Amino acid sequence: MTNEKFQKFTEKLKIKAEKNPRWYKTKVFGLAMVGYLYLFVVLAILFAVVGIVVYSIYTKTFHLIFAKLLIPVFVLLYVLVKSLWIHIEAPTGLRLDKQNTPLLIEEIERMRKQLKGFKVDEIQLNNDFNAAIIQVPRLGVFGWYKNILVVGLPLMMALSKEQFQAVLAHELGHLSGAHGRFST
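Residues numbered from 1 in each chain as written. Predicted model: local features only at pLDDT ≥ 70, side-chain atom pairs only at ≥ 80, totals over all residues. Heavy atoms only, no water.

Participant: Describe the overall build of the protein chain, and please don't skip the residues or the numbers.
Facilitator: Summing up its helical and strand segments, the protein chain has 7 helices and 4 strands in all. Along the protein chain, helices (α) and strands (β) appear in the sequence α-α-α-β-α-β-β-β-α-α-α when read from the amino end. For 184 residues, the compact-globule formula gives about 16 Å, and the C-alpha radius of gyration of the protein chain, at 24 Å, lies well above that figure. Classification of the 184 residues of the protein chain by burial places 26% in the buried group. The long-range fraction of contacts in the protein chain, counting pairs at least 24 apart against all pairs at least 6 apart in sequence, stands at 69%. Of the accessible surface of the protein chain, which amounts to about 13100 Å², a share of 66% is contributed by carbon and sulfur atoms. Looking at the protein chain, you have 23 positive and 13 negative side-chain charges, and the mean spots of the two groups are 13 Å apart. (Helix = DSSP H or I, 4+ residues; strand = E, 2+ residues; numbered from the N terminus. Rg over C-alpha atoms; globule rule 2.2 N^0.38 Å. Buried < 20%, exposed > 50% of the residue type's maximum accessible area, 1.4 Å probe, protein only. Contact = heavy atoms within 4.5 Å. Areas by Shrake-Rupley, 256 points an atom, 1.4 Å probe, with all protein chains shown as cover. Lys, Arg positive; Asp, Glu negative; His and termini not counted. Charge placed at Lys NZ, Arg CZ, Asp CG, Glu CD.)

Printed below as a string of structure tokens:
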């Protein structure tokens, strides 16, 4: 596909997404599920091959060709399983809790409830001039996210209380819309 064709293609998709965002999101989700379905079908076939080989060993109808077949099957299984295991590095910083920052924790919890957002599992302080919500999947593509709010001390010190609350509300808003979950 040429660059010009790609530009036209993306413009069409952008128009469709703006006209009907729900349809577009559903279509993208459906295409992602088709891709995962393909991977799981291939995994099922590979596990079936391993099962047949194990069965042939058990019934003593094992042939040397089966042993040669297992090498590429195990390599493929390893590659496919590893591709499904998404690893996102958890941020590193000073972990904040109710004992060392009770007012901040209470404010974040109040905002979270007001926004009807997901629970913040951990709050960290670092040296960046930034704030972010990071969702670390515990089970790869299967999710079960750990929500980590990272707040930079320089940012905290540079903003007024109201400005900092607005930044926190913005970050917590990402969790209320579950932005990261669909993107992931």
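Participant: Which residues make up the sheet that holds strand 3 (residues 131–137), and what values do they have?
Facilitator: Taken in spatial order, the 4 strands line up as 1-2-4-3 in an open sheet, and their pairing is mixed. Looking along the sheet, the strands with just one partner apiece sit at the ends: strand 1 (94–96) and strand 3. Here the average twist between neighbouring strands, direction ignored, is 30°. One ladder, built from 7 bridges, connects strand 3 with strand 4 (residues 145–152); its direction is antiparallel. By the bridge assignment for strand 4, alanine 131 is matched with valine 151. Where helix 6 (residues 161–176) meets the sheet, it contacts strand 3 and strand 4, and its direction lies at approximately 25° from that of strand 3. (Pairing = 2+ DSSP bridges. Axes fitted to C-alpha atoms, helices over the stretch in contact; angles between N-to-C directions.)

Participant: I'd love a proper account of the packing of helix 1 (residues 3–19) against helix 2 (residues 21–58), names of residues and values included.
Facilitator: Helix 2 packs onto helix 1 with a crossing angle of 120° between their chain directions and a minimal axis gap of 5 Å. When the interaxial angle is binned, helix 1 and helix 2 end up oblique. Of helix 2, the residues touching helix 1 (which contributes Leu13, Lys16, Ala17, Glu18 and Lys19) are Pro21, Trp23 and Tyr24. By residue class, the composition of the contact of helix 1 with helix 2 is 5 nonpolar, no polar and 3 charged. (Parallel < 35°, antiparallel > 145°, perpendicular 65-115°, else oblique. Nonpolar A, V, L, I, M, F, W, Y, C, P; charged D, E, K, R; others polar.)

Participant: Give a detailed account of the packing of aromatic side chains, specifying residues and quantitative values.
Facilitator: A full pass over the atoms with the stated rule returns 1 aromatic pair. Between the aromatic rings of tryptophan 23 and tyrosine 24, the centroid separation amounts to 6.5 Å while the plane-to-plane angle is 50°, which identifies the pairing as tilted. On the basis of relative accessible area, tryptophan 23 is assigned to the partly exposed category, the value being 35%. The ring of tryptophan 144 carries arginine 138 above its face, with NZ or CZ at 4.4 Å from the centroid. (Phe/Tyr/Trp six-rings, centres within 6.5 Å; stacked < 30°, edge-to-face > 60°. Lys NZ or Arg CZ within 6 Å of the ring centre and 35° of its normal.)

Participant: Go over the pattern of salt bridges, please, and point to the residues and values.
Facilitator: The full count for this structure, using the stated rule, is 7 salt bridges. The shortest N-O distance in the salt bridge between glutamate 107 and arginine 110 comes to 2.5 Å. Placement of both glutamate 107 and arginine 110 in helix 4 (residues 102–115) is noted, with a separation of 3 residues, approximately one turn of the helix. What makes glutamate 107 buried here is its relative accessible area of 17%. Shared partners join several salt bridges into a network, and the residues in it are Arg95, Glu122 and Lys146. (Salt bridge = Lys/Arg side-chain N within 4 Å of Asp/Glu carboxyl O.)

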